[in-house]
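Breakdown of the fold
The lines below spell out each chain.
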Amino acid sequence: MSLEGPAAAKGLRPARTTATRQKLFDASMELIGERGAASVTVDEIAAAAGVSKGTVYYNFGSKSELIAQLLRHGVDILKARLLAAADATGSGAGSAVEDGEDGTRDPIQAMESMIGQAMDFMAEYPSFARLWVSENWRIPSEWQGTFAVLRGELLEVIGRAVDNVARAYPVDESVSRGSLETAIFGACFVVGLDRQTYNPERTRDQSVAAIMAIMRGYVLKGAAPRG
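Rules used throughout
Residues numbered from 1 in each chain as written. Predicted model: local features only at pLDDT ≥ 70, side-chain atom pairs only at ≥ 80, totals over all residues. Heavy atoms only, no water. Helix = DSSP H or I, 4+ residues; strand = E, 2+ residues; numbered from the N terminus. Buried < 20%, exposed > 50% of the residue type's maximum accessible area, 1.4 Å probe, protein only. Contact = heavy atoms within 4.5 Å. Core = buried A, V, L, I, M, F, W, Y, C linked by side-chain atoms within 4.5 Å. Salt bridge = Lys/Arg side-chain N within 4 Å of Asp/Glu carboxyl O. Polar contact = N/O pair within 3.5 Å; in protein donor to acceptor, adjacent residues only side chain to side chain. Axes fitted to C-alpha atoms, helices over the stretch in contact; angles between N-to-C directions. Parallel < 35°, antiparallel > 145°, perpendicular 65-115°, else oblique. Nonpolar A, V, L, I, M, F, W, Y, C, P; charged D, E, K, R; others polar. pLDDT = per-residue confidence, 0-100.

So, the overall build of the chain
- A tally of helices and strands in the chain yields nine helices and zero strands.
- Helices and strands appear in the chain in the N-to-C order α-α-α-α-α-α-α-α-α.
- Residue burial in the chain is summarised as follows: out of 227 residues, 44% are buried.
- Taking as baseline every contact in the chain between residues at least 6 positions apart, the subset at least 24 positions apart corresponds to 76%.

Remarks on the nonpolar core
- Among the nonpolar cores identified, the biggest contains 66 residues, and L71, W132, I184 and M215 are the most heavily contacted of them.
- The element best represented in this core is helix 7 (residues 144-168), accounting for 11 residues.
- Among residues more than four places away in sequence, those in contact with M215 are M111, V162, V165, L180 and I184.

Focus on the pattern of salt bridges
- For the structure on display, the rule yields 14 salt bridges.
- For R35, the salt bridge is made with E44, and the minimal N-O distance between the two is 3.2 Å.
- For R35, a relative accessible area of 40% translates into the label partly exposed.
- Its relative accessible area of 28% is what places E44 among the partly exposed residues.
- Residues K53 and D43 are paired through a salt bridge, measuring 3.6 Å at the closest nitrogen-oxygen approach. Of this pair, K53 sits in helix 3 (residues 53-60) while D43 is found in helix 2 (residues 42-49), placing the two residues 10 residues apart along the sequence.

Some thoughts on the side chain of E135
- Following the sequence through the fold, E135 ends up in helix 6 (residues 126-136).
- Looking at E135, the relative accessible area reads 4%, which means it is buried.
- A polar side-chain atom of E135 sits 3.1 Å from a polar atom in the side chain of R138.
- The contacts of E135, once residues within four sequence positions are left out, are A37, S141, W143 and F147.

Side note on the packing of helix 2 against helix 3
- Running from N to C, helix 2 and helix 3 cross one another at 100°; their axes reach a closest spacing of 8 Å. The angle between helix 2 and helix 3 falls in the class roughly perpendicular. Across the interface between the two elements, V42, D43 and A46 of helix 2 pack against K53, V56 and Y57 of helix 3.
- The residue makeup of the contact of helix 2 with helix 3, split by class, is four nonpolar, no polar and two charged.

Regarding the environment of A37
- Structurally, A37 is set in the loop between helix 1 (18-35) and helix 2.
- In this structure A37 comes out as buried when scored by relative accessible area, which is 1%.
- When the C-alpha positions of A37 and I67 are compared, they lie 7.8 Å apart, and in sequence the two are 30 residues distant.
- When neighbours within four sequence positions are excluded, A37 is seen to be in contact with I32, K63, I67, E135 and W143.

As for the packing of helix 1 against helix 4 (residues 63-87)
- The N-to-C vectors of helix 1 and helix 4 enclose an angle of 95°; their axes lie 10 Å apart at closest approach. Taken together, the axes of helix 1 and helix 4 are roughly perpendicular relative to one another. Together, Q22, F25, S28, M29 and I32 of helix 1 and L66, I67, Q69, L70 and H73 of helix 4 make up the contact between the two elements.
- Its residues assigned to classes, the contact of helix 1 with helix 4 shows six nonpolar, four polar and no charged.

Side note on the confidence of the model for the chain
- Within the chain, residue pLDDT values average 84, and 85% of them lie at 70 or more.
- Of all the helices and strands in the chain, helix 1 carries the lowest mean pLDDT, 83, while helix 9 (residues 204-218) carries the highest, 97.
- Within the model, the stretch residues 1-16 combines pLDDT values under 50 with 38 contacts to residues more than four positions away or in other chains.
- Ignoring residues within four places in sequence, the model shows residues 90-98, a span with pLDDT below 50, making eight contacts including any to other chains.

Concerning the environment of F25
- Checked against the element boundaries, F25 lands in helix 1.
- Spatially, the C-alpha atom of F25 lies 8.1 Å from that of H73, the residues being 48 residues apart in sequence.

Structure below.
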């Protein structure tokens with residue numbers, strides 16, 4: 001579960017058990033998500049996980065490395081869900097997605113499914129979402145390099161989905177692709193977290209529709225799929 005890039009060069013020390021590591025991740029995610037990384041101590045993380053402070057250092061080496069690996073852990077979960085949504089076809093029982101002639105999912109519908117998965121992730125891991133939003137744009141940050149690597153991975157997944165839309169539909173070429181992908185990426189975190197914190201009455205589908213308005217604005221109005 002090691003990170004790439006110079007800011008993530010510190011190696012993860014051998015873990016005693018997968019269960020111990022998962023307990024540490026869960027405890028850290030909750031504490032740091034609620035109070036921020038700077039205000040949480042290793043003693044608190046260890047106590048919440050039901051392990052000794054020495055176990056934390058044995059598994060991760062330092063609090064900084066623990067947080068870096070926590071970020072990696074969450075992004076791996078989110079990325080796997082996005083990729084699964086992007087790769088799925090609409091041919092399953094009960095699917096509301098229209099298939100193309102080759103049985104593959106319409107790329108706009110695939111993007112909608114990906115955003116739905118992002119909303120589900122934010123609902124399941126609100127503390128991780130709070131950690132990401134609070135620390136990602138903090139300058140300076142000791143995890144800036146880690147965020148850059150992980151953010152790049154998620155933007156790459158979104159970028160491939162946008163590529164699929166651009167191949168299938170006429171799109172507004174004046175829209176900056178980098179800005180478009182960043183807008184979708186940021187909206188998933190902000191809208192998802194806003195729903196959890198301030199608007200619990202807002203439905204998942206309403207949140208997805210709001211973010212999809214960004215994507216639908218990229219496709220030229222009234223445009224039919226490329227033949």
